[in-house]
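What the coordinates show
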Amino acid sequence: MRLPSILGIRGARDKPKDSYGGSAYTFFFGRSTSGKNVNERTAMQTTAVYSCVRILAETVASLPIHVYCYTDTGKERVYDHPLYRLLHDEPNPEMTSFVFRETLMSHLLIFSGVVEIKNSCRFPPSLG
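A brief structural summary. Nothing here was measured: the structure is a model prediction, and the numbers come from that model.

Along its length, the protein chain carries six helices and four strands. For the protein chain, the proportion of its 128 residues judged to be buried stands at 16%. Partitioning the intrachain contacts of the protein chain with sequence separation of at least 6 by distance along the chain shows that 36% fall at a separation of at least 24. Here the protein chain has roughly 10,600 Å² of accessible surface; of this, 56% comes from carbon and sulfur atoms.

Right, here's the structure in full:
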């Protein structure tokens, strides 16, 4: 490795060259012409990105959530369904419903995540 590249000294600015780095996430975040890699971690270190993700996640998490069952006449709210406790009250002993939904929304915005609720006849539903 050359000494200037170790010290962070780059070539002349009047002769820029396209460098799109080897990031595997360029499809999601676009290419960076500055030479800096942009990924989930570096994006969240930007105040604007962090603030937008936080505001959206907190707003969605604060909305009421209900479980509905479709009937012949339409739909009705259900309180005794196993998913009601999971989504409305407490998904696990370490998280409240608000924190859980805020985390889900944050991951959806940053990582394009998917949530799967597994249901079994033997066991109550669990998040997986």
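So much for the structure itself; the text now carries on.
Turning our eyes to something else, we now look at the pairing of strand E1 (residues 68-71). Bridge analysis of E1 against strand E2 (residues 74-77) gives four bridges, and the strand direction is antiparallel. The residue of E2 that forms the bridge with Cys69 is Glu76. Joining the antiparallel neighbours E1 and E2 is a turn of two residues.

Before going further, it helps to spend a moment on helix H6 (residues 97-111). An ideal rise of 1.5 Å per residue puts 21 Å on 15 residues; H6 measures up with 21 Å between its terminal C-alpha atoms. Ser112 occupies a position one or two residues after H6 and carries a positive phi of about 55°.

Conventions used here
Residues numbered from 1 in each chain as written. Predicted model: local features only at pLDDT ≥ 70, side-chain atom pairs only at ≥ 80, totals over all residues. Heavy atoms only, no water. Helix = DSSP H or I, 4+ residues; strand = E, 2+ residues; numbered from the N terminus. Buried < 20%, exposed > 50% of the residue type's maximum accessible area, 1.4 Å probe, protein only. Contact = heavy atoms within 4.5 Å. Areas by Shrake-Rupley, 256 points an atom, 1.4 Å probe, with all protein chains shown as cover. Pairing = 2+ DSSP bridges. Expected span 1.5 Å × (residues − 1).

Remember that the coordinates give geometry; whether it matters functionally is a separate question.
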